[in-house]
Amino acid sequence: MSQTNILLDAGTNELEVVEFYLDEEGYRGHYGVNVAKVLEIIREQPVTAMPQMRHPAVLGAFPHRDGRVVPLVDLALYLGKKREVSQEPKIIVTEFNNIITGFLVSGVNRIHRLSWQEVEAPGNFLQNVSRNAITGVVRLEGRVVFILDMEAIVGELDPALSIRLSGSLHDESGAGTIYNVLHADDSGNVRNLVKRLMEESGRFKILQAPNGEEAWEILSRYRREEEQGGTPVRERVQAVITDIEMPRMDGLTLCRKIKEDAFLKSLPVALFSSLITDRLEHKGESVGADAQFAKPDLQVLSEKVLELITTGKAKSVLEEQAG
């Protein structure tokens, strides 16, 4: 089962999910992953042990296309479950953050097309028992399906893939102004890291939302207040950083709505997502994103956001305000 041309149009707030399952004794758990992250689904492959494996869930590696060697993660083992072998398992080969990884699962059901409005954010209890590995919950055909946060899983297995900001930010303006940035991401861990690292740089104040819908509500409120003679939006927010995959409203839809709004369209929008790959970059372009960066390198994202602000209209607004 290969992914061919399944990908949806950008900015429609829709996604397609590959539903798969993990069998335990007397129980079958249903899970999902965004089709956009799936390269293919293949049979179980013989693996070779990898030196210095940091986690027991990493079973080893197997050869893939173009001579690549792909690590194989036993998803049940990672989630603390004992997988019951009743049939030949499958491997879901994924690509995100420019990393290819194989996940061993019991089997695959089908692909579902749905709206992000149908995806609910997981509660704190569910997050705790899943080790923060669940990013959404959806009900499909009478089943509860858990959307897995594959980036969080891979980031825990290999800390080198975690979000980082490794140095100071280069600012040709030298103004030293602190800029207000609205950041939308459904992952609490990502929000905490981005806020801490960007604010520690001394150049940003971060306002955050857990999904695109709440980010849009914030901007819409600012726009209404500006229309009524209040503070202009661009004096309150100078840029937006958004993830793509989020319950209620995804980042592509958020970007499209911003760029179609007369009051907001000049606001720089940067996509910061594991879905930024060569084969998916056209989606961000189609909704008018000003910049796109794959997680986890926050350094280049922060530098680009600073450049967009200081070389664009946000700079002139702030200069006028200061004068």
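Quantities reported herein were computed from a predicted structural model and do not represent experimental measurements. (Residues numbered from 1 in each chain as written. Predicted model: local features only at pLDDT ≥ 70, side-chain atom pairs only at ≥ 80, totals over all residues. Heavy atoms only, no water.)

Looking at this model, I keep getting lost on the sheet that holds strand S2 (residues 27–34). Mind explaining?
Picture the strands of a sheet paired through backbone hydrogen bonds; they go either parallel or antiparallel. The 5 strands lie next to each other as S8-S1-S2-S10-S9, forming an open sheet whose pairing is mixed. Bordering the open sheet on either side are strand S8 (107–115) and strand S9 (134–140), each of which pairs with just one other strand. Ignoring which end each strand starts from, the neighbouring axes of this sheet average 35° apart. Summarising the sheet, strand S1 (residues 14–24) and S2 pair through 8 bridges and their orientation is antiparallel. In the strand pairing of S2, aspartate 23 is matched with arginine 28. (Pairing = 2+ DSSP bridges. Helix = DSSP H or I, 4+ residues; strand = E, 2+ residues; numbered from the N terminus. Axes fitted to C-alpha atoms, helices over the stretch in contact; angles between N-to-C directions.)

Got a minute to help me understand the environment of alanine 262 in this structure?
You can see alanine 262 is positioned in the loop between helix H7 (251–259) and strand S14 (269–273). Of the residues examined, alanine 262 reaches a relative accessible area of 66% and is grouped as exposed. Sequence-wise, alanine 262 and arginine 223 are 39 residues apart; in three dimensions their C-alpha atoms are separated by 9.7 Å. (Buried < 20%, exposed > 50% of the residue type's maximum accessible area, 1.4 Å probe, protein only.)

Looking at this structure, how should I read the sheet that holds S14?
Strands sit in the order S12-S11-S13-S14-S15 across an open sheet of 5 strands; the sheet is parallel. Looking at the sheet topology across the chains shown, the edges are occupied by strand S12 (204–209) and strand S15 (291–294). Adjacent strand axes in the sheet meet at a mean angle of 20°, parallel and antiparallel pairs treated alike. Relative to S12, strand S11 (residues 179–184) runs parallel, the two being bridged by 6 bridges. Of the residues in S12, the one forming a bridge with tyrosine 179 is phenylalanine 204.

Would you mind showing me how to read unusual backbone geometry here?
Glycine aside, residues mostly have negative phi angles, and peptide bonds mostly take the trans form. Its identity as a non-glycine residue notwithstanding, glutamate 141 has a phi of 55°, on the positive side. Mapped onto the elements of the fold, glutamate 141 is located in the loop between S9 and strand S10 (143–148).

Where do I start with helix H4 (residues 188–200) in this structure?
Three- or four-residue spacings in an α-helix give side chains the same orientation, since the helix completes a turn every 3.6 residues. Given a rise of 1.5 Å per residue, 13 residues ought to cover 18 Å, and the 18 Å separating the end C-alpha atoms of H4 matches this to within 8%. Among the residues making up H4, those that are buried are Val190, Arg191, Val194, Leu197 and Met198. Along H4, the residues classed as buried sweep out an arc of 155° about the axis, all on the same side. Exposed residues on H4 whose side chains face more than 90 degrees from its buried face are Asn192 and Glu200. Next to the buried residues of H4 lie S11, S12, strand S13 (239–242), S14 and helix H9 (298–311). A distance of 3.2 Å separates the backbone nitrogen of valine 190 from a side-chain oxygen at the start of H4, and that oxygen is part of serine 187. Glycine 202 occupies a position one or two residues after H4 and carries a positive phi of about 80°. (Expected span 1.5 Å × (residues − 1). Arc of directions from axis to C-beta. Contact = heavy atoms within 4.5 Å. Polar contact = N/O pair within 3.5 Å; in protein donor to acceptor, adjacent residues only side chain to side chain.)

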